[in-house]
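Examining the three-dimensional arrangement
Here is how the chains run, residue by residue.
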Amino acid sequence: MASFTPAWLTLNWQPRNTSQFVFPSSNDPAQSRSSEFSLWRDNRRKAGIEDARLHYLRVSQTSQAIMNGVPMPGVSCLLDQAGIRMALHYTHFEDQNIKAAV
């Protein structure tokens, strides 16, 4: 878990409220703030990962889940994907993982 420290710190900085979202919209707490990219930009800066992209995070999350034994239906749920095929799109393995599997 040590490699996720900046992410955990970012989540812990968020004030707790009655919204179901970790990052609720400032205009309407019943809505996600996901469309407000200033939040994404600010949090990347705070974590020191300005070059990070959401796609990279999805690839990393998916690959780590698979390598840790999470079955594809579970990975699909983690990504909020309707099907396993799209979850497979985000799955990338490093050469050493492929060699270990062989």
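Just above, that's the structure.
Anyway, here's the lowdown on the structure attached to this text. Predicted, not measured: the structure shown is a model, and the values here were computed from it.

Here is what the cut-offs are and how they apply
Residues numbered from 1 in each chain as written. Predicted model: local features only at pLDDT ≥ 70, side-chain atom pairs only at ≥ 80, totals over all residues. Heavy atoms only, no water. Helix = DSSP H or I, 4+ residues; strand = E, 2+ residues; numbered from the N terminus. Buried < 20%, exposed > 50% of the residue type's maximum accessible area, 1.4 Å probe, protein only. Contact = heavy atoms within 4.5 Å. Core = buried A, V, L, I, M, F, W, Y, C linked by side-chain atoms within 4.5 Å. Arc of directions from axis to C-beta. Lys, Arg positive; Asp, Glu negative; His and termini not counted. Salt bridge = Lys/Arg side-chain N within 4 Å of Asp/Glu carboxyl O. Polar contact = N/O pair within 3.5 Å; in protein donor to acceptor, adjacent residues only side chain to side chain. Expected span 1.5 Å × (residues − 1).

1. Some details on the overall build of the protein chain
When helices and strands are tallied, the protein chain shows six helices and zero strands. Listed by position from the N terminus, the elements making up the protein chain come as α-α-α-α-α-α. Counting only residues that meet the buried cut, the protein chain has 21% of its 102 residues in that class. Within the protein chain, contacts between residues at least 6 apart in sequence are counted, and of these 24% link residues at least 24 apart.

2. Remarks on the nonpolar core
With six residues, the main nonpolar core is built from Ala-65, Ile-66, Met-72, Val-75, Leu-79 and Ala-87. Listing elements by their share of this core, those giving two or more residues are α3 (54–67) and α4 (72–78). Apart from residues lying up to four places away in sequence, Val-75 is in contact with Thr-62, Ala-65, Ile-66, Val-70 and Ala-87.

3. With respect to helix α2 (residues 37–47)
Of all the residues in α2, the buried ones are Leu-39, Asn-43 and Arg-44. Down the axis, α2 shows its buried residues gathered within 130 degrees of arc, on one side only. Two residues or fewer past α2, Gly-48 is found with a positive phi of approximately 75 degrees.

4. Regarding the side chain of Arg-44
Within the fold, Arg-44 resides in helix α2. We note that Arg-44 is buried and unpaired, the nearest opposite charge coming from Asp-51 at a distance of 7.2 Å. Here the side chain of Arg-44 touches Ala-52 through a polar contact of 3.0 Å, landing on its backbone oxygen. Discounting chain neighbours no more than four positions away, the residues touching Arg-44 are Ile-49, Glu-50, Ala-52 and Arg-53.

5. Focus: α3
Counted at 1.5 Å a residue, the expected span for α3 with its 14 residues is 20 Å, and the 20 Å between its end C-alpha atoms agrees. All of the buried residues along α3 are Val-59, Thr-62, Ser-63, Ala-65 and Ile-66. Buried residues of α3, seen end-on, are gathered within an arc of 160 degrees and therefore sit on one face of the element. The first or second residue beyond α3 is Gly-69, which carries a positive phi of 90 degrees.

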